[in-house]
Amino acid sequence: MGTFGTAALASMEEQLPWFRRMPADQRSWIGLVAQAGIAAFVEWFGSGESAKPAIAAEVFGTAPRELMRSIKLRHTIDMVRVIIDVVETRLEELAAPGGEAQLREAILRYTRDVAFGAAQVYAQAAETRAAWDARLEALVVNAVLRGEVDDGMHSWAAALGWTAKPVTVIAGFTPEDEEPEVTIDQMQLAARRARVDALAGVQGSRVVVVVGGTEDALVAARHIAAKCGPGPVVVGPTVGDLYDSPLSARSALAGLRAAAGWPDAPRPVPSDELLAERALDGDDVARRHLVDHVYDPMCDAGAPLLDTLTTYLEQGSSLEATARLLFVHPNTVRYRLRRVTELTGLAPTDGRNAFTLRIALALGRFSRRPTRS
């Protein structure tokens, strides 16, 4: 058996490039696996081939589990094939006179069981790995939602192979009567089709997907939305990396809660397009954004701009009525409305934007109301 094991290693060294690249300690473990396989065959054949050989325990149980990460299933098949070739070339030395055919048939039966045993070992390893990855994925998504993003969480993400930047969080609802595992698998499938990395988690009726590796998250969100259940799908703002991902998650979840206020919202919809509904729903982030980035810039630009916008909205978006009330030319009103658009990114002539501007005006006045002791 030692002679055949040595011959098998020499043949693998000659025929298998991946074997030559392996460290010496791993090659020695493979040598032990080869010898264990030959020894198990001799014992089984000597027992009269009556019992089914315990391939997984006797052969693959020899090597440490760490070796499974270094040797792929196709490499194992190559290794078994080489060992069989070595044994068959010296079949006459092993077989009793006239017993060559019986021994060859026994080798074929044994190698069949070796193949099934290898498949079983790798299948069990894959199931264990998948279950562990699923737990890690759930931990990472939960950490993002809780805002507990630290180096420990990054190590979990790295264990899942996550290196993608930038990052966006997408939130939607799960399909009805679908198991969480199936939903997560569907999200991963959609992410692969969109050519992005993704970490998905199911929380009750919500599904949250952390997407990385794309500057245009809406494209990826369309693939993911197709796998979500009925209802809105909200895309948070894009951030630099996982450390900032809680910001995107908070906006996406706030938008998902507030999306009921805009039944005709597109699917998917960016969370920034739901700022007005989020503010009405009590989202402090949206309220601060509307005050800091919409109301305050108009205040800084001067009272005429605010007065013009207020009058325009109160007069049902009529240029002529606004001009008459302010005693200015309609072109002056047009110019000031263009300035509002330049400063805020919101066009008063658009119905949705006008609604958001009206909410921003109210919130800005709240923020500047005088306090009384």
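Note that the coordinates shown come from a computational prediction; the quantities given were computed from them, not determined experimentally.

### A short note on the layout of surface pockets
What the second largest pocket holds in volume is close to 530 Å³. Taken together, 25 residues make up the lining of the second largest pocket; nearest its centre are Asp-133, Ala-134, Glu-137, Ile-184 and Gln-188. Broken down by secondary-structure element, the contributors of at least two residues to the lining of the second largest pocket are α8 (100-146), α10 (180-193) and β2 (197-203). Looking at the lining of the second largest pocket, its residues break down into 14 nonpolar, 5 polar and 6 charged.

### Some words on the pairing of strand β1 (residues 167-173)
Burial analysis of β1 places 6 of its 7 residues in the buried class, the great majority of the element. Pairing analysis gives 7 bridges linking β1 to strand β3 (residues 206-212), with the strands arranged antiparallel. Paired with Val-169 across the two strands is Val-210, which belongs to β3. Relative to strand β4 (residues 234-235), β1 is paired through 2 bridges, and the arrangement is antiparallel. Note on β4: the bridge partner recorded for Ala-171 is Val-234.

### Things to note about the pairing of β3
A large share of β3 lies buried, amounting to 6 of its 7 residues. Two strands pair when backbone bridges link them, and β2 and β3 are joined in this way by 7 bridges, in the antiparallel orientation. Paired with Leu-199 across the strands is Val-210, a residue of β3.

### Description of the pattern of salt bridges
For the coordinates displayed, the defined rule picks out 5 salt bridges. Between Arg-352 and Glu-277 there is a salt bridge, with the nearest N and O atoms lying 2.6 Å from each other. In this pair, Arg-352 is assigned in helix α18 (residues 351-367) and Glu-277 in helix α13 (residues 275-280), connecting sequence segments 75 residues apart.

### Section: the environment of Arg-336
Looking at where Arg-336 falls in the secondary structure, it is placed in helix α17 (residues 330-344). Between the C-alpha atom of Arg-336 and that of Asp-307, which follows or precedes it by 29 residues, the distance is 9.9 Å. Residue contacts for Arg-336: discarding those within four places in its chain leaves Pro-304, Leu-305, Thr-308, Leu-326 and Val-328.

### Considerations on the confidence of the model for the chain
For the chain, per-residue confidence averages 84 on the pLDDT scale, and 89% of positions sit at 70 or higher. Mean pLDDT in the chain bottoms out at helix α4 (residues 55-58), which sits at 50, and peaks at β4, which reaches 97.

### Focus on the side chain of Thr-183
Here Thr-183 lies in helix α10. With relative accessibility at 0%, the residue Thr-183 sits in the buried group. Each residue touching Thr-183, except ones within four places of it in the same chain, is listed here: Thr-174, Pro-175, Glu-178, Val-202 and Val-207.

Conventions used here
- Residues numbered from 1 in each chain as written.
- Predicted model: local features only at pLDDT ≥ 70, side-chain atom pairs only at ≥ 80, totals over all residues.
- Heavy atoms only, no water.
- 1 Å grid on protein atoms, 1.4 Å probe; cavity = no way out; pocket = protein on both sides within 12 Å on 5 of 7 lines; lining within 4 Å.
- Points joined across faces, edges and corners; volume = space filled by probe spheres on them.
- Helix = DSSP H or I, 4+ residues; strand = E, 2+ residues; numbered from the N terminus.
- Nonpolar A, V, L, I, M, F, W, Y, C, P; charged D, E, K, R; others polar.
- Buried < 20%, exposed > 50% of the residue type's maximum accessible area, 1.4 Å probe, protein only.
- Pairing = 2+ DSSP bridges.
- Salt bridge = Lys/Arg side-chain N within 4 Å of Asp/Glu carboxyl O.
- Contact = heavy atoms within 4.5 Å.
- pLDDT = per-residue confidence, 0-100.

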